[in-house]
Amino acid sequence: MLELVDEDGNTIGTAEKLAAHQAPGQLHRAFSVFLFDEQGRLLIQRRALGKYHSPGVWSNTCCGHPYPGEAPFAAAARRTYEELGISPTLLAEAGTVRYNHPDPGSGLVEQEYNHLFVGLAQASLRPDPAEIGDTAYVTPTELAERHRSAPFSAWFMTVLDAARPAVQELTGPAGGW
């Protein structure tokens with residue numbers, strides 16, 4: 001079950017996950033995590049091929065939906081551990097963004113009020129193969145090259161751009177983000 005929200009992020013009900021993503025989509029709470037290593041490289045993941053939504057595409061470190069009543073921060077930390085087998089050594093709120101992105105491949109719609117988080121990954125990854133097909137740490141230049149040549153999730157650039165001020169604060173001016 002997902003938490004449905006109004007345009008201001010106030011909870012207004014719940015819906016089954018798949019039903020909330022069927023066109024035209026229902027506005028629901030989500031989160032996106034961007035973790036960086038000590039060199040300022042972003043950890044991205046390629047979604048597992050078995051995922052019903054956006055399989056096999058690259059995306060941010062971790063994303064998902066809080067359980068109804070679960071704090072977005074707690075959900076972000078929980079899912080990062082479940083998907084990647086690590087707990088961030090730092091995780092900070094980085095604002096929210098609202099978007100509506102159809103996924104042409106599946107016909108599903110991401111109609112989300114998304115809570116953004118940035119942080120540091122300093123442990124060895126242990127990705128869950130049911131969730132993640134591959135991972136990579138990338139510089140801004142490497143991300144741009146990969147983004148030109150490989151498929152990415154429909155929401156990726158929207159959430160990255162919205163998180164950019166916090167990313168720049170975390171990685172510093174030399175990071176290039």
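Given the structure is predicted, the values throughout are model-derived calculations rather than measurements.

**Quick notes on the packing of aromatic side chains**
Tallying each qualifying case throughout the model produces three aromatic pairs. Pairing Phe36 with Trp177 gives two aromatic rings, centres 5.6 Å apart and planes at 75°, and the pair type is edge-to-face. Of the two residues, Phe36 is situated in strand E3 (residues 28-36) and Trp177 in the segment after helix H4 (156-171); the sequence distance between them amounts to 141 residues. The burial state of Phe36 is the same as that of Trp177; both residues are buried.

**As for the pattern of salt bridges**
Applying the stated criterion across every chain yields a total of 10 salt bridges. Here Arg29 ties to Glu3 by a salt bridge, and the two come within 2.5 Å at their closest N and O atoms. Of this pair, Arg29 sits in strand E3 while Glu3 sits in strand E1 (residues 2-5), and the two are 26 residues apart along the sequence. Here the two residues Arg29 and Glu3 agree in accessibility, since each one is buried. Salt-bridge contacts for Glu131 lead to Arg79; the nearest nitrogen and oxygen are separated by 3.2 Å. Linking Glu131 in the loop between strand E8 (109-120) and strand E9 (132-138) with Arg79 in helix H2 (residues 72-84), this pair joins segments that are 52 residues apart in sequence. We classify Arg79 as buried; its relative accessible area is 16%.

**Observations regarding the UniProt feature "domain: Nudix hydrolase" (unreviewed entry) in the protein**
The positions UniProt marks with the feature "domain: Nudix hydrolase" (unreviewed entry) are residues 26-163. Taken end to end, residues 26-163 comprises 22% helix and 38% strand; its first and last C-alpha atoms sit 23 Å apart.

**Side note on the pairing of E8**
Counting buried positions over the 12 residues of E8 gives 11, a clear majority of the element. Pairing analysis gives nine bridges linking E3 to E8, with the strands arranged parallel. Paired with Arg29 across the two strands is Tyr113, which belongs to E8. In the sheet, strand E7 (residues 90-102) pairs with E8 via 11 bridges, with the strands oriented antiparallel.

**Description of the nonpolar core**
Within the largest apolar cluster, 23 residues are counted, with the highest numbers of intra-cluster contacts made by Phe34, Leu42, Ile44, Leu143, Phe156 and Val159. Those elements that provide at least two residues to this core are E3, strand E4 (42-47), E7, E8, E9 and H4. Counting residues per element, this core draws most heavily on H4, at six residues. Judged by nonpolar contacts, the second largest core, of 13 residues, contains Cys62, Ala75, Ala76 and Ile86.

**A word on the state of the cysteines**
Counted under the stated rule, the structure contains zero disulfides. Free cysteine: Cys62, not disulfide-bonded; nearest cysteine sulfur from Cys63 at 6.4 Å. Here Cys62 falls in the buried class, since its relative accessible area comes to 0%.

**So, the UniProt feature "binding site: Mn(2+)" (unreviewed entry) in the protein**
UniProt's feature table lists "binding site: Mn(2+)" (unreviewed entry) at His21, His28, His65, Glu110 and Glu112, given in the numbering used throughout. The named residues occupy 92 residues along the chain; their greatest pairwise C-alpha distance, 11.8 Å, places them in one compact cluster. In this fold, His21 is placed in helix H1 (residues 17-21). What His21 contacts, discounting residues up to four positions off in sequence, is Leu2, His28, Tyr52, His53, His65, Leu108, Val109, Glu110 and Glu112. A polar contact is formed between the side chain of His21 and the side chain of His28, at a distance of 3.3 Å. Looking at the secondary structure, you find Glu112 in strand E8. Of the residues examined, Glu112 reaches a relative accessible area of 4% and is grouped as buried. A polar atom in the side chain of Glu112 sits 3.1 Å from the side chain of His28.

Cut-offs applied
Residues numbered from 1 in each chain as written. Predicted model: local features only at pLDDT ≥ 70, side-chain atom pairs only at ≥ 80, totals over all residues. Heavy atoms only, no water. Phe/Tyr/Trp six-rings, centres within 6.5 Å; stacked < 30°, edge-to-face > 60°. Helix = DSSP H or I, 4+ residues; strand = E, 2+ residues; numbered from the N terminus. Buried < 20%, exposed > 50% of the residue type's maximum accessible area, 1.4 Å probe, protein only. Salt bridge = Lys/Arg side-chain N within 4 Å of Asp/Glu carboxyl O. UniProt positions renumbered as here; feature names shortened; annotations may be inferred. Pairing = 2+ DSSP bridges. Core = buried A, V, L, I, M, F, W, Y, C linked by side-chain atoms within 4.5 Å. Disulfide = S-S within 2.5 Å. Contact = heavy atoms within 4.5 Å. Polar contact = N/O pair within 3.5 Å; in protein donor to acceptor, adjacent residues only side chain to side chain.

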